[in-house]
Amino acid sequence: MKTLLNLIWLVLAGFWLAVGYAIAGIICCVLIITIPFGIASFRIAGYTLWPFGRTVVDRRDAGAGALLGNLIWIIFAGWWLALGHLTTGIALCLTIIGIPLGVANFKLIPVSLLPLGKEIVPTNQPFAVR
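Residues numbered from 1 in each chain as written. Predicted model: local features only at pLDDT ≥ 70, side-chain atom pairs only at ≥ 80, totals over all residues. Heavy atoms only, no water.

Explain the packing of helix 2 (residues 35–49) against helix 3 (residues 64–92) to me, please; I cannot follow it from the model alone.
To describe two helices that pack against each other, one gives the angle between their axes and the distance between the axes. Following both chains from N to C, one finds helix 2 and helix 3 inclined at 25°, their axes separated by 12 Å at the closest point. The orientation of helix 2 relative to helix 3 falls into the category roughly parallel. Handedness of the crossing formed by helix 2 with helix 3: right-handed. Within the contact between the two elements, helix 2 uses Phe37, Ser41 and Thr48 and helix 3 uses Gly69, Ile72, Trp73 and His85. Broken down by class, the residue content of the contact of helix 2 with helix 3 amounts to three nonpolar, four polar and no charged. (Axes fitted to C-alpha atoms, helices over the stretch in contact; angles between N-to-C directions. Helix = DSSP H or I, 4+ residues; strand = E, 2+ residues; numbered from the N terminus. Parallel < 35°, antiparallel > 145°, perpendicular 65-115°, else oblique. Left-handed = near helix turned anticlockwise from the far one by under 90°. Contact = heavy atoms within 4.5 Å. Nonpolar A, V, L, I, M, F, W, Y, C, P; charged D, E, K, R; others polar.)

Sorry, what's going on with the packing of aromatic side chains here?
What characterises a pair of aromatic rings is the spacing of the ring centres plus the angle enclosed by the ring planes. Considering all chains together, one arrives at four aromatic pairs under this definition. Both rings, one in phenylalanine 37 and one in tryptophan 73, keep their centres 6.2 Å apart while their planes meet at 20°; by these two values the pair is stacked. Here phenylalanine 37 is found in helix 2, whereas its partner tryptophan 73 is found in helix 3, with 36 residues between them in sequence. Note on phenylalanine 37: relative accessible area 10%, which makes it buried. Assessed through its relative accessible area of 3%, tryptophan 73 is described here as buried. (Phe/Tyr/Trp six-rings, centres within 6.5 Å; stacked < 30°, edge-to-face > 60°. Buried < 20%, exposed > 50% of the residue type's maximum accessible area, 1.4 Å probe, protein only.)

How do you make sense of the pattern of salt bridges when you look at a structure like this?
Two side chains with opposite charge may pair up if their charged atoms get near one another. Per the stated rule, a full pass over the model turns up two salt bridges. For the salt bridge of lysine 118 with aspartate 58, the shortest nitrogen-to-oxygen distance reads 2.5 Å. Here aspartate 58 lies in strand 1 (residues 54–58) and lysine 118 lies in strand 2 (residues 118–122), a separation of 60 residues in the sequence. Between arginine 59 and aspartate 61 there is a salt bridge, with the nearest N and O atoms lying 2.9 Å from each other. (Salt bridge = Lys/Arg side-chain N within 4 Å of Asp/Glu carboxyl O.)

I tried to follow the nonpolar core on my own but got confused; where do I start?
When a protein is soluble and globular, its nonpolar side chains tend to lie buried together. With 23 residues, the main nonpolar core has Trp9 and Trp73 as its most contacted residues. At seven residues, helix 1 (residues 2–30) tops the list of elements feeding residues into this core. Once residues lying within four places of it in the same chain are set aside, the contact partners of tryptophan 9 are Gly14, Leu17, Thr48, Leu49, Pro51, Phe52, Leu101, Ala104, Asn105 and Leu108. (Core = buried A, V, L, I, M, F, W, Y, C linked by side-chain atoms within 4.5 Å.)

Even after reading the chapter, I still don't get the confidence of the model for the protein, so can you show me in this structure?
Low pLDDT marks stretches whose predicted atomic positions should not be read closely. Confidence in the prediction for the protein averages 87 pLDDT; 95% of positions are at 70 or higher. At the level of individual helices and strands, the protein shows its lowest average pLDDT in strand 2, which scores 84, and its highest in helix 4 (residues 99–113), which scores 91. (pLDDT = per-residue confidence, 0-100.)

Looking at this model, I keep getting lost on the environment of proline 115. Mind explaining?
As for its placement among the helices and strands, proline 115 is situated in the loop between helix 4 and strand 2. Apart from residues no more than four positions distant in its own chain, proline 115 is found in contact with Ala40, Arg43, Ile44, Asn70 and Trp73.

Just checking my understanding: could you explain the state of the cysteines for this structure?
Structurally, a disulfide amounts to a covalent bond that connects the sulfur atoms of two cysteines. The tally for this structure, following the rule as stated, stands at zero disulfides. Cysteine 28 provides the cysteine sulfur closest to cysteine 29, a residue in no disulfide bond, and the two sulfurs are 7.0 Å apart. Classification of cysteine 29 as partly exposed rests on a relative accessible area of 30%. (Disulfide = S-S within 2.5 Å.)

Quick look at the structure:
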């Protein structure tokens, strides 16, 4: 079931959202000081391509740097990406088949706003192994 949902997701929403994250990652990597933002953006782009069967957990070692970085991220890129998830989620919820995909889009909004200090793990592994 996860594979089927991931394939439908990839066609209807995942590819375009991942392109948005990749563009944000490229822009962040061009500027040397924002390379950590670019790495986080590429990590979430991969998660956005194939989200079912994986989840996002907080990293235990994230501290004040992640908090400050997330505030900067929200201002420059996070709210654009969250808006993309919101509009795509609303559009997907207009059809019965798209409702699970729309809900998945709404679940991606927090990680699009606060990507630093997060880790993507398989759903059968509830906690990050460190």
